[in-house]
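Summary of structural features
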Amino acid sequence: MPLQPASAELIVTEMKLHSGIFAAAVILAALASCKSQYDALLESNDNETKYKAAFEYFNAGKYKKAADLFESLGVLTNGTARDDTVQFYWALSNYRYNDYYTAETNFSNFLAKFPRSPFAENAEFLRVDCLYKQTYRYELDQTPTYRALTAISEYKINHPGTIHAAACNRMEGELNERLDRKAFENAKIYYTMEDYQAARVALKNVLKDDADNVYREDILYYSAMASYRYAAKSVPEKKKERFLQFEDDYLNFIGEYPDSHYRKELDSLHDKVKEK
């Protein structure tokens, strides 16, 4: 039996299918071409072309590609007038790419090699910012926090009139608050565990080490609460002596924070103690 000619609808469908496959092939070929062009550029020794392309990628926000180009340019421009520019923008590209670990290393190396470069102060501040961005929340290791605070302090000493003063103060304040909270929370954990004697000692030691701890009000409150609960749990012959310790902590607290939101609770406990 002779084959029937294909319907018009089937022919159109096949044409669309072949057209789609062809278009996809063209796009893939174009992408492959772009990739191969970039790779060729990356491996090229054409200083001018690579230098221009690196800034084009940087200005287009393609910081990873820019970083790789600036890194490869470093060998070609070493010892030339462009050396510090290439090294700075290599670091800046990594910074913009949010690779703060690599950027901090880049900026540190840059400052060691080009301390008098026009980019030096900006590089020093960005290095500080990299260190700040590598710190952890208060529950974790605070070694990076101490390192960042040291770098901020050194930067402020070296550049007293810097336009970045407000940013440095903000970072410094945030990092110090983080350390204060860690110290407070570490001491407070004894209170949570209901080891009230240890809690009072630990909380007092926090203020002994840092009287200006930003959580001072909370620390004094928990110190008074620890004294009260320790006394309340004591054997009868020890209660009077230990409630007097609570009274000392209570008077110390209201002397410093007479309008505290903790005042009502502590007043109530103090009244109970006076009744006893």
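Figured I'd write up the structure that's included with this text. What you are looking at is a predicted structure, and each value in this text was computed from that prediction instead of being measured.

**Regarding the overall build of the chain**
Helix and strand counts for the chain stand at 12 helices and 0 strands. Helices (α) and strands (β) of the chain occur, in sequence order from the N terminus, as α-α-α-α-α-α-α-α-α-α-α-α. When burial is assessed residue by residue, the chain has 39% of its 276 residues classed as buried. Partitioning the contacts of the chain with sequence separation of at least 6, the portion at a separation of at least 24 is 55%. In the form shown here, the chain has an accessible surface area of approximately 16800 Å², with 55% of it arising from carbon and sulfur atoms.

**Concerning helix 8 (residues 165-192)**
It helps to recall that an α-helix has 3.6 residues per turn; residues three or four apart then point in one direction. For helix 8, which comprises 28 residues, the first-to-last C-alpha distance of 40 Å matches the rise-based estimate of 40 Å (1.5 Å per residue) to within 8%. Among the residues of helix 8, Cys168, Met171, Glu172, Leu175, Arg178, Leu179, Asp180, Phe184, Ala187 and Tyr191 are the ones counted as buried. Buried positions along helix 8 lie against helix 6 (120-133), helix 7 (143-158), helix 9 (196-209) and helix 10 (216-232). Two residues or fewer after helix 8 comes glutamate 194, characterised by a positive phi angle close to 65 degrees.

**Describing the pattern of salt bridges**
What the rule picks out here adds up to 14 salt bridges. With a closest N to O distance of 2.7 Å, arginine 200 and aspartate 249 form a salt bridge. On the criterion of sequence distance, the pair formed by arginine 200 in helix 9 and aspartate 249 in helix 11 (residues 236-256) is long-range, its members being 49 residues apart.

**So, the packing of helix 3 (residues 63-77) against helix 4 (residues 83-96)**
Where helix 3 contacts helix 4, the axes come no closer than 8 Å and their chain directions differ by 155 degrees. With respect to helix 4, the axis of helix 3 lies roughly antiparallel. The two elements helix 3 and helix 4 meet at a crossing, and its hand is left-handed. Here Tyr63, Ala66, Ala67, Phe70, Glu71, Leu73, Gly74 and Thr77 of helix 3 come into contact with helix 4, specifically with Asp83, Val86, Gln87, Tyr89, Trp90, Ser93, Asn94 and Arg96. Residues of the contact of helix 3 with helix 4, tallied by class, amount to 8 nonpolar, 5 polar and 3 charged.

The rules behind these values
Residues numbered from 1 in each chain as written. Predicted model: local features only at pLDDT ≥ 70, side-chain atom pairs only at ≥ 80, totals over all residues. Heavy atoms only, no water. Helix = DSSP H or I, 4+ residues; strand = E, 2+ residues; numbered from the N terminus. Buried < 20%, exposed > 50% of the residue type's maximum accessible area, 1.4 Å probe, protein only. Contact = heavy atoms within 4.5 Å. Areas by Shrake-Rupley, 256 points an atom, 1.4 Å probe, with all protein chains shown as cover. Expected span 1.5 Å × (residues − 1). Salt bridge = Lys/Arg side-chain N within 4 Å of Asp/Glu carboxyl O. Axes fitted to C-alpha atoms, helices over the stretch in contact; angles between N-to-C directions. Parallel < 35°, antiparallel > 145°, perpendicular 65-115°, else oblique. Left-handed = near helix turned anticlockwise from the far one by under 90°. Nonpolar A, V, L, I, M, F, W, Y, C, P; charged D, E, K, R; others polar.

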